[in-house]
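Structural overview
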Amino acid sequence: MTDAARLPDLTEGADIGVWTRETGFATWNRFAAVNDEFVPIHMDDEAGRAAGMPGAFGQGNLLVSYLHAVVREWMGESGELVELSAQFRRPNLKGTVRAGGTLTSLTRTDTGLEARLDLWVTDADDAVLAPAAATVRFR
């Protein structure tokens, strides 16, 4: 059974917190190095503009990493990330990005307590870059 003292706030409607990062060439380069993803649109403003963007832009999967980080920080060691899905709506341009979310439902199952989360990544102007959802299981 789950140790209640180690659980995050499991109240429907609860905010799971916000995870903030500055993003730009240095971040995208490190992510590219780890994932062998040195694509010009992520490294060069001219290549980004040639692709129809205002300049270079970060990898979509980097936004997924930010979502994973905010969920992991919220659930701690007591949770298990069962599912995470995201849609890419806007490019990850240079500047501040924030990932966060809300606990939308709790369901008791045969395998534990499942928390459903609505998630998002926004830019400095609060434009949603990636709406997302996740399921976390607590045993």
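It should be noted that the structure appears before, not after, this text.
Presented here is an overview of the structure given in this document. The shown structure was predicted, so the numbers you read here are calculated from the model rather than taken from an experiment.

Relative to strand β4 (residues 112-123), strand β3 (residues 95-109) is paired through 12 bridges, and the arrangement is antiparallel. Considered in β4, the bridge of Gly100 is made with Trp120. Between the end of β3 and the start of β4, which pair antiparallel, lie two residues. When β4 meets strand β5 (residues 128-138), the two strands line up antiparallel, connected through 10 bridges. Each residue of the ladder has a partner; that of Thr122, found in β5, is Val128. Where β4 hands over to β5, the hairpin turn is made up of four residues, of which Asp126 adopts a positive phi near 65°.

Taken as a whole and assessed by the stated rule, the structure comprises three aromatic pairs. Summarising the aromatic geometry, the rings of Trp74 and Phe138 are spaced 5.8 Å apart at their centres and angled 75° between planes, so their arrangement reads as edge-to-face. You can see Trp74 sitting in helix α3 (residues 60-75) and its partner Phe138 sitting in strand β5, a full 64 residues away along the chain. Positioned above the aromatic ring of Trp19, the side-chain terminus of Arg21 is 3.9 Å from the ring centre.

Looking now at the pattern of salt bridges. Evaluation of the coordinates by the stated rule reveals eight salt bridges. Measuring nitrogen to oxygen at the nearest pair gives 3.1 Å for the salt bridge that ties Arg137 to Glu114. Highlighted residues: Arg137 in strand β5 and Glu114 in strand β4, separated in sequence by 23 residues. Within this structure, Glu80, Glu114, Arg137 and Arg139 form a network of salt bridges that share partners.

Rules behind the numbers
Residues numbered from 1 in each chain as written. Predicted model: local features only at pLDDT ≥ 70, side-chain atom pairs only at ≥ 80, totals over all residues. Heavy atoms only, no water. Pairing = 2+ DSSP bridges. Helix = DSSP H or I, 4+ residues; strand = E, 2+ residues; numbered from the N terminus. Phe/Tyr/Trp six-rings, centres within 6.5 Å; stacked < 30°, edge-to-face > 60°. Lys NZ or Arg CZ within 6 Å of the ring centre and 35° of its normal. Salt bridge = Lys/Arg side-chain N within 4 Å of Asp/Glu carboxyl O.

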